[in-house]
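Understanding the architecture of this molecule
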Amino acid sequence: MRRPSLEVRGGVHDPQLLGELGNSNAHQPPPPSAHGGGRRAHFPRVADSERLPERDDTDSELEGRSQDALPESVFLQLMDEVHLDLLVPGTRRNYVELALRIGRRPWEVRHLEFNCLEWHDVDIEEPDGSVRRRRYPFLVYWMQKVRRRHKLPLHPTDVDVVARQQNHLRQDFRQWFDADGQPLSERMLLFPTPRLTRANKRGERPYDGSSIGYWLQAWLDQFELADEHGNGFDRSRVFPYAFRHTYAQLRADAGVPLDVLQALMSHQEPSTTQVYYRTSHPRRVEAVRAIAAKYQFDLTGGRVRPRTAQADLTARIRAGVGSVPVPAGQCHEMNNVRADGRGCPVYYRCFSCKFFTTDFAHLTELRQLRASKAQQLARLESAYDSVLTPGPLSAANIELLRQEIRQIDELISKCEADLGSLTTEEKATVEAWLHTKDRFLAVIPVAALLAGRHHVDQATVDPILLTEQAR
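These notes cover the structure that comes with them. The residue numbering used here restarts from 1 in each chain and proceeds along that chain's sequence as written. Where local features are concerned, this predicted model is filtered to residues with pLDDT of at least 70; where side-chain atom pairs are given and counted, the filter is 80 or more; whole-chain, interface and lining totals use all residues. Remark: hydrogens and water are excluded; side-chain values derive from all non-hydrogen atoms of the structure.

A short note on the overall build of the protein
- Along its length, the protein carries 17 helices and nine strands.
- Classification of residues uses two cut-offs on accessible area relative to the type maximum, computed with a 1.4 Å probe and protein chains only: under 20% is buried, over 50% is exposed, and between them is partly exposed. Looking at the protein residue by residue over its 471 residues, the buried ones come to 49%.
- Taken as a whole, the protein presents about 22,900 Å² of accessible surface, with 51% of it coming from carbon and sulfur. Helix numbering and strand numbering both begin at the N terminus, where a helix is a DSSP run of H or I of at least 4 residues and a strand a DSSP run of E of at least 2. Calculation of accessible area relied on Shrake-Rupley with a 1.4 Å probe; when residues are assessed, cover is drawn exclusively from the protein chains displayed.

Focus: the packing of aromatic side chains
- Classification of ring pairs rests on two measures: the distance between centres of Phe, Tyr or Trp rings, Trp counted by its six-membered ring, which must be within 6.5 Å, and the angle between planes, read as stacked under 30 degrees, edge-to-face over 60 and tilted in between. All chains considered together, the criterion is met by seven aromatic pairs.
- Whether a charge sits over a ring depends on NZ of Lys or CZ of Arg being within 6 Å of the ring centre and within 35 degrees of the ring normal. A cation over an aromatic ring shows up here: R104 above the ring of Y247, its NZ or CZ 5.2 Å from the ring centre.
- Stacked on the ring of Y247, the Lys or Arg R251 has its end atom at 3.4 Å from the ring centre.

Considerations on the packing of helix α5 (residues 91-102) against helix α8 (residues 209-220)
- Every axis in this analysis is a line fitted to C-alpha atoms, fitted for helices over the stretch in contact. Angles between the N-to-C directions lie between 0 and 180 degrees. Look at α5 against α8: their axes get within 11 Å of each other, and the N-to-C directions meet at 95 degrees. Between α5 and α8, the interaxial angle falls into the category roughly perpendicular. Across the interface between the two elements, T91, R92, Y95 and V96 from α5 touch I212, Y214, W215, L216 and W219 from α8.
- Split by residue class, the contact of α5 with α8 holds seven nonpolar, one polar and one charged. Angles below 35 degrees are treated as roughly parallel, those above 145 as roughly antiparallel, those between 65 and 115 as roughly perpendicular, and all remaining angles as oblique. Residue contacts are defined here by distance: any two heavy atoms, one from each residue, within 4.5 Å place the two residues in contact. Three residue categories are used. Nonpolar comprises Ala, Val, Leu, Ile, Met, Phe, Trp, Tyr, Cys and Pro, charged comprises Asp, Glu, Lys and Arg, and polar comprises the others, including Gly.

Observations concerning the packing of α5 against helix α7 (residues 156-172)
- Two elements in contact, α5 and α7, have axes whose closest approach is 10 Å; the angle formed by their N-to-C orientations is 155 degrees. In terms of axis orientation, α5 runs roughly antiparallel to α7. Between α5 and α7 the crossing geometry is left-handed. Judged by residue contacts, T91, R93, N94, E97, L98 and R101 of α5 engage T157, D158, V161, V162, R164, Q165 and H168 from α7. By convention, the crossing between two helices is left-handed when the near helix turns anticlockwise from the far helix through less than a right angle, and right-handed when the turn is clockwise.

Some details on the nonpolar core
- Grouping buried Ala, Val, Leu, Ile, Met, Phe, Trp, Tyr and Cys residues that are joined through side-chain atoms within 4.5 Å yields what is termed a nonpolar core. Ranked by internal contacts, the top residues of the largest apolar core, which has 50 residues, are L78, L112 and W219.
- Contributing elements (two or more residues each) for this core: α3 (72-78), α5, β2 (131-143), α7, α8, α9 (240-254) and α10 (258-265).
- Excluding its chain neighbours within four sequence positions, the residues that come into contact with W219 are L78, H83, L84, L86, L87 and V96.
- If you look at the next biggest cluster of nonpolar residues, it comprises 27 residues, including V324, F360, L411 and L419.

Considering unusual backbone geometry
- Although it is not a glycine, S266 sits at a positive phi angle of roughly 60 degrees.
- Mapped onto the fold, S266 is located in the loop between α10 and α11 (270-274).

Here we look at empty space enclosed by the protein
- In the cavity and pocket records, a cavity denotes points on a 1 Å grid over the protein atoms alone where a 1.4 Å probe fits but cannot get out, a pocket denotes an open set with protein on both sides within 12 Å along at least 5 of 7 lines, and lining residues are residues with an atom within 4 Å of a point. Grid points are joined across faces, edges and corners, and a volume is the space filled by probe spheres set on the points. Here the structure, examined in full by the defined rule, presents six cavities of 30 Å³ or more.
- As a volume, the largest cavity reaches approximately 80 Å³.
- Together, V326, C331, E333, N336, C344, V346, Y348, R349, C350, C353 and F356 line the largest cavity.
- Of the residues that constitute the lining of the largest cavity, the class distribution is eight nonpolar, one polar and two charged.

Concerning the pattern of salt bridges
- Any carboxyl oxygen of Asp or Glu that lies within 4 Å of a side-chain nitrogen of Lys or Arg is treated as forming a salt bridge with it. The full count for this structure, using the stated rule, is 18 salt bridges.
- For R101, the salt bridge goes to D158, with nearest N and O atoms at 3.0 Å. On the criterion of sequence distance, the pair formed by R101 in helix α5 and D158 in helix α7 is long-range, its members being 57 residues apart.
- According to the relative accessible area criterion, R101 is buried, its value standing at 9%.
- Between R370 and D409 there is a salt bridge whose closest N-O contact spans 2.9 Å. Placement of the pair is R370 in helix α15 (residues 363-383) and D409 in helix α16 (residues 392-420), with a sequence separation of 39 residues.
- Looking at R370, the relative accessible area reads 29%, which means it is partly exposed.
- The class of D409 is partly exposed, set by a relative accessible area of 28%.
- Several salt bridges share partner residues, and in doing so they unite E81, D85, R93, E97, R101, D158 and R164 into one network.

Details of α5
- If you check α5, its first and last C-alpha atoms are 16 Å apart, about what 12 residues at 1.5 Å a residue would give, namely 16 Å.
- Along α5, the residues that are buried comprise T91, R93, N94, Y95, V96, E97, L98, A99, L100, R101 and I102.
- Phi for G103, located one or two positions after α5, is positive at around 65 degrees. Expected helix span is given by 1.5 Å per residue-to-residue step, counting one fewer step than there are residues.

Quick word on the sheet that holds strand β4 (residues 297-298)
- Strand order in the open sheet formed by four strands is β4-β7-β6-β5, and the pairing between neighbours is antiparallel. Because the sheet does not close on itself, it has two edges, and the strands there are β4 and β5 (324-326).
- Both strand β6 (residues 329-331) and strand β7 (residues 356-358) contribute to a ladder of two bridges, which runs antiparallel. For Q330, the partnering residue across the bridge sits in β7 and is T357. DSSP-based pairing: two strands are paired if at least 2 bridges between them are found.

Structure below.
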């Protein structure tokens, strides 16, 4: 088998992860049965009375039922701490919140193992071209539908929910753990049924699907849901599999590329993911980009003639002109465009380059980049005369960061001024989209899912991440 290429622009380069991430077609063999030889795989057997796993019913997804996705306003109401606190503390609360966050199939959530988290050091390419090693959490779970292992990159707030459930089990079911707080069984689940049966002596059996449905019904009976217009929302539309459809639909609406979303959902075919990009519900990002194209400017503040995406692609193919995405904007430098973003002649000094353009659609990225630069500057200033040797070179590095921050501040001010000049309708469209991005956007190594198999020429981001600040 040919070894896949590991080069991903703006992503990660971690060969150890590639065999287990994303939408790989190489299925692993099913877990050995209790009678099989060798060491058992750490994937759960599920039914008390059966040795074969129960069927993972995913018919609604196969039928492309993206209409089952909950509206964003309803999703945010469900994720409201006031409403989540109405759930019975412990397993019920933690299960529902995690299911809302991670978008996995109900079977997969119920069968998560107790030790379902892995942390990996991954090399992230920074906007200036440097590579920085960071540590990221991943959820490891078994996909019963296709019988293979999968890893999903998580946000630290998702990890907090898992840790909360682990601590709950350690406190309430101490008989399942050793003196160090580790489970006695390697197959112990994160959400085991508390029924003390012969087959569940060590927390290896899950709740059945009907229990989850009961939890949701009892929870929803305690408060009212409203749609985006303030009208009552039908609570029957809130069911476990709707969380997965919502996970996908919100990301599609926020502009996540199809191949990235396909990898996050672990769909085997892009057509399964495509249903979330419905033509009857145009993606908000396209509407925003159409407005923003008229307000694109370069570092001097001059306007750039707008192009449609198709016209830009045609020009790139015909003459090597057009643009390629770069952090917080677009690059129009001919050699870099011809090299598809890998041939910058000035080593990605975007904020000093006359070929760099941006607009208010990139406000979220500009603000995040500004915060990152400010953090780097603070660290360098605190290290001056301690770790850094005083002198012209150290001073120049610090001054360079200061100048970049000033330049980014000017770009942000220009974008905000352009945003204020829009019509009331256009401004409402753009601000709603930017508000969603500000609330949900967080950079994670999604590119690891695509290494060697897909080329992503947009920022690899996961925009549906709730935080306390967002609420």
